[in-house]
Amino acid sequence: MALIVEEIINMLEFYEPQADFGTPEIESETMVTLSIDGADVTVPEGTSVMRAAAEKGIKIPRLCATDSLKSFGSCRVCLVEIEGRRGFPASCTTNVEEGMQVVTQSSEIGKLRRNVMELYISDHPLDCLTCPTNGDCQLQDTAGEVGLRSVRYGFEGDNHLVAEKDESNPYFTFDPSKCIVCSRCVRACEETQGTFALTIDGRGFESKVSAGQSEDFMDSDCVSCGACVAACPTATLTEKSIIEAGKPEHSVITTCAYCGVGCSFKAEMKGNDVVRMTPYKDGKANEGHACVKGRFAFGYATHKDRITQPMIRESIHDPWQEVSWETAVNHTAKRFKEIQSKYGRTSIGAISSSRCTNEEVYLVQKMVRMGFGNNNIDTCARVCHSPTGFGLKTTLGESAGTQTFASVAKADVIIVMGANPTEAHPVFGSRLKRRLREGAKLIVIDPREIELVNSPHISADFHLPVRPGTNVTVLNALAHVIVKEGLQASTYIEDRCEMDEFEKWSAFISDDRHSPENTEQFSGVPARDLRAAARLYAEGGNGAIFYGLGVTEHSQGSTAVMAIANLAMLTGNVGREGVGVNPLRGQNNVQGSCDMGSFPHELPGYRHISSKVTRNLFEGEWGVTLDPEPGLRIPNMFDAAIDGEFKGLYCQGEDIAQSDPNTQHVETALSSMECLVVQDIFLNETAKFAHVFLPGASFLEKDGTFTNAERRISRVRKTMPPLSGKADWEGTMALANALGCKFQYDHPSEIMDEIARLTPTFNGVSYAKLDKLGSIQWPCNDHTPAGTPVMHVDEFVRGKGFFAITEYVPTEERANRKFPLLLTTGRILSQYNVGAQTRRTKNSEWHEEDTLEIHPHDAEERGIKHGDWVGIKSRVGNTVLHADVTSRVKPGVVYTTFHHPVSGANVITTDNSDWATNCPEFKVTAVQISKVTAPSRWQERQKMFNTQQQHLLAKARH
Amino acid sequence: MINIFVPQDTTALALGSDEIASLLTESISSRGLDVKLIRNGSRGMFWLEPLLEIEFEGDRFGFGPITMSDVPSIIDVLEDSHSDLKNIAHPLFLGSVENIEYLAKQQRLTFKRSGLSDPTCINSYQSLSGFKGLTKALSMDSQLIVDELKNSGLRGRGGAAFPAGIKWQTVLDAPGEQKYIVCNADEGDSGTFADRLLMESDPYQLIEGMTIAGLAVGANQGYIYLRSEYPVAHKILNHAIKEAYKAGFLGENIRDSGKDFFLEVRLGAGAYICGEETSLLESLEGKRGMVRTKPPLPAIEGLFGKPTVVNNVLTLGAAATVLEEGSDAYKNFGMGRSRGTLAVQLAGNVKRGGLIELAFGATLREVVETFGEGTFSGRPIRAIQMGGPLGAFLPESQWDTPLDYEAFAALKAMIGHGGVVVFDDTADMAAQARFAMEFCVIESCGKCTPCRIGSTRGVEVIDRIVANEDRDDNLILLHELCDTMELGSLCAMGGMTPFPVQSALTHFEEDFGLNSRRDH
C-alpha cells in the first residue's frame, strides 16, 4: 500500500516549459494528410502547417506563434517551402492542404531564418548570461536553432537598448529593451484575457508595446492576470520572483485554492519554495489562463503571520501558550467531553471549510458524526450557495451546476445574474468575454453596472438593474412573458417535465401580477427591456444562465434558484452543451464541501440523515450508530450558544467572525463558548475568540482534491511539507483519535477511496484515475466512468423536471424613511473573500481598503463628496467607510466589499435569511448614510480588541 | 449668358483658383455682365492650372495658367460684345480645350467627364451619361454584372493588378448575409493623384461604381476609406453622396429597383500602410492600421470578418464605364493581359505634369517625352520611378518598355497605381535608395521583422557603403538584407522596399561610395 501511495504522490516533474504546438488546436471532422519533410501527417482541416509539424515532432523555429493565440505571422522565422508555391510561406499562417509537400529545412530557409534572427539580435542586448530568463528564453533558443553566429549590422545602429523598465506592477517587470515586438502580450491581453489593456504604440521601427496610452502597467487597465507574462518569449515580461530566484528546477501540478473556477497550475519550485505559479494548459477549467490571485498571490503561504504551532489558553483574555499537537488535541478532546457531559451530547459541533480539501471536509463531518455523536456539522456554503443546493435539487434533482465552463463557447444567449465574473471568477469571465466577442448575446441582471455591461468590445444587450431583494419578480416576469407569448419549448416540457406541476405553474405564472408592467414597481426594471430580454432568451438559440451570490444570498434565495431552473426548463435549455444553469461558486471547494456531507441534515452525496438505508451504509463502514436527527445549522449554533445550550465548536478554515452576517451577534455567540477550537493558517478574526488554535496548512502543503463549480474534481498536490508538521486532515485525524474515533489513513487517497465506496456519485473516483484523466466531473461511476461534463442529458436526475411555484414574497428588510437606501455587497478582483490570504500579498496594492459606492444623486443629497468618511447605519449596527461616488450603482442602492475586517461590512448586515436554507440575506440591508468624521464605535472596539489579541499572541511567540 | 469655368480641385486651389474665382465674381457683378461662373473639376492638365474656360457655341475655350493679374484682361474679353471667342488675341489663350494636344492624344474613359462640369451637380453628371451603367446594372442579375466585369479584363488599379472580376466573383460566392464594398481612397504613393482627381472632378462615377459593385456581389453597405490629407475630396464626396441619396441613387430601394446600397466616407489617420488593403480594413474597424495575414482573403473574411470587395477608386470608376459602354468596348483598349486604360500620373521633375489616360501599351518614353516634354529643370532625365515609393528606378535603357503589367514585372519594376516620378541628372540615386529604406522605417506598420528592423538597418548599411566603410562586405549585407525583406516580409511594403534600392544599385552603382559621382 505504502508503495502505491509513494507512486501517486511522486507527481514531481523536472522543470520544463509546457509543450507548445504553435497555433491553436482545430476541431474538424475532415482530416487532411500532407507530407512534411517526407513524413506523412494527418491532421484536422484548418490546422496550420506549423501545428501539423509539431504533432509529428518536427519543430519549426518560431517566435510570435504560441498555441494559446491565433496565428499572427509577424516574426518570419517559421518560413518553410511548399511545393508549387512561390517564395517562403509562414508555416503558422498557412493551413494544411491535402497532398501538400512541405520542407521545413533547406539551405535557403536556413539562410533566411538566420538573416531574420540577425535583424532581431541587432536590436537586443547581449546579456544572456545575466538575463533573468537565461535558459528559459525562446529568443535564445531560436538563435541557437537557426545557427546565428554573428550580427553583421553591429550594435551601433538605432536600437531600443536603453528603453526604461516599468517595474510598477508588484509581480512582474516590463523591460522594453528586451522586447522583440511579437505582440504576443498584446494578443494575450485581447484574446486570452479580454481586457485590451495593451497595444502597440507607434509604427515601423518605433513600434513598441504600450500599456494603455503610454501609461505604466499599474496605472493602465491591466488586471495583472499574467497572460502577457506567460506569452512573452523573451525576458521582457518576467515575474519578479523569477528575476529574484532564477529558473525553477522542478514543478508540481496542483489546483488553485482561490475561487470556484478551480484553475490548474504548475507550481514551479526551487527546493520547497514556489517561485512561480504557471497556469497549466491541460487544466480543463482554465486551459492555461489565470488571474492575479492564483497566478501571483501565493506569498501568503509563507507570510510571517503564519502560525505553525498549536496553542491553547483558558480564556480569551489569557495569553496563548504554544503546545505540542498531542497536548493540543488531548486538551481539546477533554474539554469537548466535559462540555458534552455537562450540557449534553448536542452542545458541541463543527464547521467545515470550503477552502479545505474534499478529504478534509469528509473527515470533519465523519468526526462530528462519530466522535461528537451528533449531526452538528455545517459548512460555509450555508452562507453562500445553500439555496443552490436546495433549489436545483428540488427542480432538477441534483445540487450542482449542469455544465462545464467550456460549454459557454457554444452558448448564444447568456444571462448573468447576481454575479460579477470578471471580478469574482475572472478566468471564467475571460471565457465568457471571448464568447461575447464572437457574437453571443448578453443579459445582465444586477443592481450594479458590472464590467460586463460595458467594457472594451463587450456590451450587454440588456442590463436589467434590479432593485436588491426583488430578483424573484424579475425571474417570474421573464417566465410570464415567455408563457404568455407562447415562446416556451412545449415538446421539451412534455417529454421531460412533470406535466401536472407544469400546468399548475403555468396557470400561476400567467397571472397578471407577474407581468413586467406590474413587477416594474417592485424591481425597478423597465417592462419594455424585460420583455425584450425574455424574448431574446427564449428565441436566441442556446441559452445559458450563470448566477452567483446575488441570487442566493436573499430571503428568497432558494425561490430565485428555482425560478432560474424553471426558466431553463421552460425554454428547453438544460441537458446539452451551450445551455444550462450554472452557479458560480465563491470558494475553491464550496461544491466539494457540500458534496462531502458537511450539512447537518445530509450525509455525503446529498443523502438525508433520516434515511435508514443511508445511515446503515455509513454505520456499517464506520462501526457506530448515527443520530437520525439533523443537527444545528450555523445560525442555529450561534443562537444556541447565546442561549447557553451550545458551548464547543471546532471551526476549520473559516472566519465566521468576519464572513457571517450581524457581526456583533456572532461575536456574542463566540464569546459564549467554553471551548472554541480554530484551525487556520492565520490568527483570523474568529481565532481571537478561540481557546485552542490548531495551525492549518495551505494548499501547497497537502495532498487532496478540490471540486470546482463544474463538479470537477482536481488533485491538489503537496509542494512542500506542512509548516506545522501536519496537513489539516492529519490535524483532524489526531483530534478525532483523541476523541476515540480510531481513524487510520496514511494518505488522503485512502479517504477518497472510502468516499468512493460510500457515495454513488463518486463510485468511480480514485487518485489513480485522477492522475490519469487530470480531473473528473462527478457523477463518476460504472455508468459514467470518465465523469459527466453535462448533466441531465436525456432526463433530469430527479426523473421529470419539477416546476416549483415561485411566489414573490418581499423581504422584511425594506427601505423606509429612517433607512432609505439599500446596501448590497460584492467582491473585487484582487481580493478574495475575507482577505485573509490576499491581504497578506501585494494584491493589496490594488485595493487597500473597502469603500462605499454611492450614486452621485444620493451623495449630493447628503453633502457627501468622493473620499469623505461616511457612516453606514442599519437596523443592527453601523460602520464607517470612505465614499466612492459613482454611477455604477443606481440611486437608492449603495455597495461595498468585505475584504478587510476593519470595514465591518457585516456589522450592518442583518439576521434575515433564506426561508429554506437560512442562507443570510447579505445582499439586502436597509441603511442610512451620513457624513461623519471618525470611525464607528465598533471599529474602535475592533481595533482595540485586535491589538490586545495580537499582544496575547506575541506572548506565545515569546 | 456665358458660362465660364474655374476649377475647384486641390491642384487648382493650391495655385490660387479660389482667389481668382472671387475676383471674377466681383468683376462680373461690378460690370453687370451676363456671365455665370461655374466651379468645375480639373481636366488634369496641371501645367495649365488654373485653367479658365469659356463655353461658347457648344465648345470650350481656355486661358491658362492664369493669375490674379490676368483676370481684368479676361473680363475685358468677356465684356467686349464683338469678341470672337473662338479666336482671341490673348497671351494665355489656348483655343479649344478639347484640341489641346495633351488632352486630345489621350484615350479618356475614366476621366472623360473630368473638368466638364460642377462635380457636385448630379444633373450635370446625368446629362453627361452618368448613372447609365448603374441603370443597366439595376436590371441585371448579380452574376451577369460580375460576368461583364470579368469579360472586360479590368484589373485592380491600386497597384496589385488583380483581376477585379475574379475578386467580385469570390465575394459573390462567399456565403453570408452581410457583405461590404470598400473603396481604397488612401492614395499615398509618391507622385500619384488620379484618385483625388476623380473624386474631386467626377465623384458620382465612384458612387456609381461602388453601387454597381454592391449589386454585383450582394453588398448593401459601402465605405470610402479616404486619406485625411484630401479635405477637398472629402467635402466634395460627402456633398455628392448627399445628393445621390436625395435623388434615389443611394439608400433604400434605389430608383424603385427594390435594391439598397448605403455609402459613407471614413477618414484615415495619415498612415501609408493603410493603403494596403488589410491594414485599411483594420483601420476601418477602428483598430491600429496593421497588416493582416492572408489567407483569409478579404473577399472571404474582410471588414468585420465579412466578405468584402476592396477596390481602388479607379477600379470602381472603371467598373461604371464597363457597365455603361459594355465590357467588349472596354477590353478593346490595351495590350496583352492589361486591358482598358491606365491613368498615368506624371510628376516629379517634369515640365508638363498632369493626368494622362492612355490605353495600355504606350511606352514610358512617350509619356515623359511627348506629354511631359522633358524635365522642369531642362536637364536630361536620369531616372524614372514608376509605381510609387516601392517602384524600381528605371534607367533610360528601360524607358521603351510598354505600359503593361507583365512587361514591367519582368523588369522587377511595376506600374502600380500609375505614378511616374521623373528625376534629372542631378539626382543622387544612393540618396534615393536610402530614402526608399527611410520611407519604410517611417511607414512600416511594425508588424513583421524584416520590414520593421530591416528598413532601419538598410538605411545604416547604405550610409556605410556610401561612406566606403567595409564597402564590399556591406554591399553583400545590403543584397542579403534586400533578399530577406523581399522573401520574408508579410506584405508588399517590406517585400518591395528593396526594388528601388536594388534597381538604384544595379543601374546607378556609381552613386554608391568609392568613386562616387557625388564625391564633390
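Analysis parameters
- Residues numbered from 1 in each chain as written.
- Chains lettered and ligands numbered in written order.
- Predicted model: local features only at pLDDT ≥ 70, side-chain atom pairs only at ≥ 80, totals over all residues.
- Domains from an automatic or database assignment.
- Contact = placed C-beta atoms within 7 Å.
- Helix = DSSP H or I, 4+ residues; strand = E, 2+ residues; numbered from the N terminus.
- Nonpolar A, V, L, I, M, F, W, Y, C, P; charged D, E, K, R; others polar.
- Expected span 1.5 Å × (residues − 1).
- Buried ≥ 20, exposed ≤ 12 C-beta atoms within 10 Å, placed from the backbone.
- Arc of directions from axis to C-beta.
- Axes fitted to C-alpha atoms, helices over the stretch in contact; angles between N-to-C directions.
- Parallel < 35°, antiparallel > 145°, perpendicular 65-115°, else oblique.
- Left-handed = near helix turned anticlockwise from the far one by under 90°.
- Pairing = 2+ DSSP bridges.
- pLDDT = per-residue confidence, 0-100.

**Things to note about the domain arrangement of chain A**
Residue and element names in this part refer to chain A. According to the domain assignment, chain A contains domain 1 (311-382 + 590-774), domain 2 (386-574) and domain 3 (821-948). Put simply, the middle of domain 1 and the middle of domain 3, counted by C-alpha atoms, are 30 Å apart. Every contact between the two is made by 16 residues of domain 1 and, on the other side, 19 residues of domain 3. For the side of domain 1 that touches domain 3, the elements supplying multiple residues, two or more each, are helix 24 (656-659) and helix 25 (663-671).

**As for the interface of chain B and chain A**
Each side of the interface is counted separately: chain B has 26 residues, and chain A has 27 residues. Of all elements in the fold, only helix 17 (429-443), helix 18 (449-452), helix 19 (454-466) and helix 20 (471-488) of chain B reach the threshold of two or more residues within the side of chain B that touches chain A. When the residues that make up the side of chain B that touches chain A are grouped by side-chain class, the tally is 10 nonpolar, 9 polar and 7 charged.

**Quick notes on the domain arrangement of chain B**
Residues and elements named next belong to chain B. Each domain of chain B was delimited in the assignment, giving domain 1 (2-104), domain 2 (122-331), domain 3 (335-424) and domain 4 (429-511). A straight line from the C-alpha centre of domain 1 to that of domain 2 covers 33 Å. Counting residues at the interface gives 6 residues for domain 1, matched by 6 residues for domain 2. Split into classes, the residues belonging to the side of domain 1 that touches domain 2 amount to 1 nonpolar, 4 polar and 1 charged.

**Focus on helix 11 (residues 231-246) of chain B**
Residues and elements named next belong to chain B. Compared with an ideal rise of 1.5 Å per residue, which puts 16 residues at 22 Å, helix 11 spans 23 Å between its outermost C-alpha atoms and is within 8% of the ideal. For helix 11, every residue scored as buried is listed here: Ala-233, Ile-236, Leu-237, Ala-240, Ile-241 and Ala-244. One side of helix 11 holds all its buried residues, which, seen down the axis, span an arc of 135°. Within helix 11, the exposed residues directed more than 90 degrees away from the buried face are Pro-231 and Lys-246. In this fold, the buried residues of helix 11 make contact with helix 5 (122-127), helix 9 (194-201), helix 10 (203-217), strand 7 (221-226) and strand 8 (262-267). Of the residues one or two after helix 11, Gly-248 is the one with positive phi, at around 80°.

**Regarding the packing of helix 10 (residues 358-372) of chain A against helix 27 (residues 748-758) of chain A**
Packed helices, taken two at a time, are described by the angle between their axes plus the distance between the axes. All names here are of chain A. At a closest axis distance of 9 Å, the pairing of helix 10 and helix 27 adopts a crossing angle of 65°. One finds that helix 10 runs roughly perpendicular with respect to helix 27. Seen from above, helix 10 lies across helix 27 with left-handed handedness. Here Asn-358, Glu-359, Tyr-362 and Leu-363 of helix 10 come into contact with helix 27, specifically with Pro-748, Ile-751, Met-752 and Ile-755. Grouping the amino acids of the contact of helix 10 with helix 27 by side-chain chemistry returns 6 nonpolar, 1 polar and 1 charged.

**What to know about the sheet that holds strand 3 (residues 39-44) of chain A**
Residue and element names in this part refer to chain A. Across the sheet, which stays open at both edges, the 4 strands sit in the order 3-2-5-4 with mixed pairing between neighbours. Each having just a single partner strand, strand 3 and strand 4 (81-82) make up the two edges of the open sheet. Two strands pair when backbone bridges link them, and strand 2 (residues 31-36) and strand 5 (residues 101-103) are joined in this way by 2 bridges, in the parallel orientation. Of the residues in strand 5, the one forming a bridge with Ile-36 is Val-102.

**Some points on the confidence of the model for chain A**
Of the residues in chain A, 98% reach a pLDDT of 70 or more, and the chain-wide mean stands at 93. Confidence scores differ between elements of chain A, with helix 1 (residues 2-9) of chain A showing the lowest mean pLDDT of 46 and strand 18 (residues 441-445) of chain A the highest of 98.

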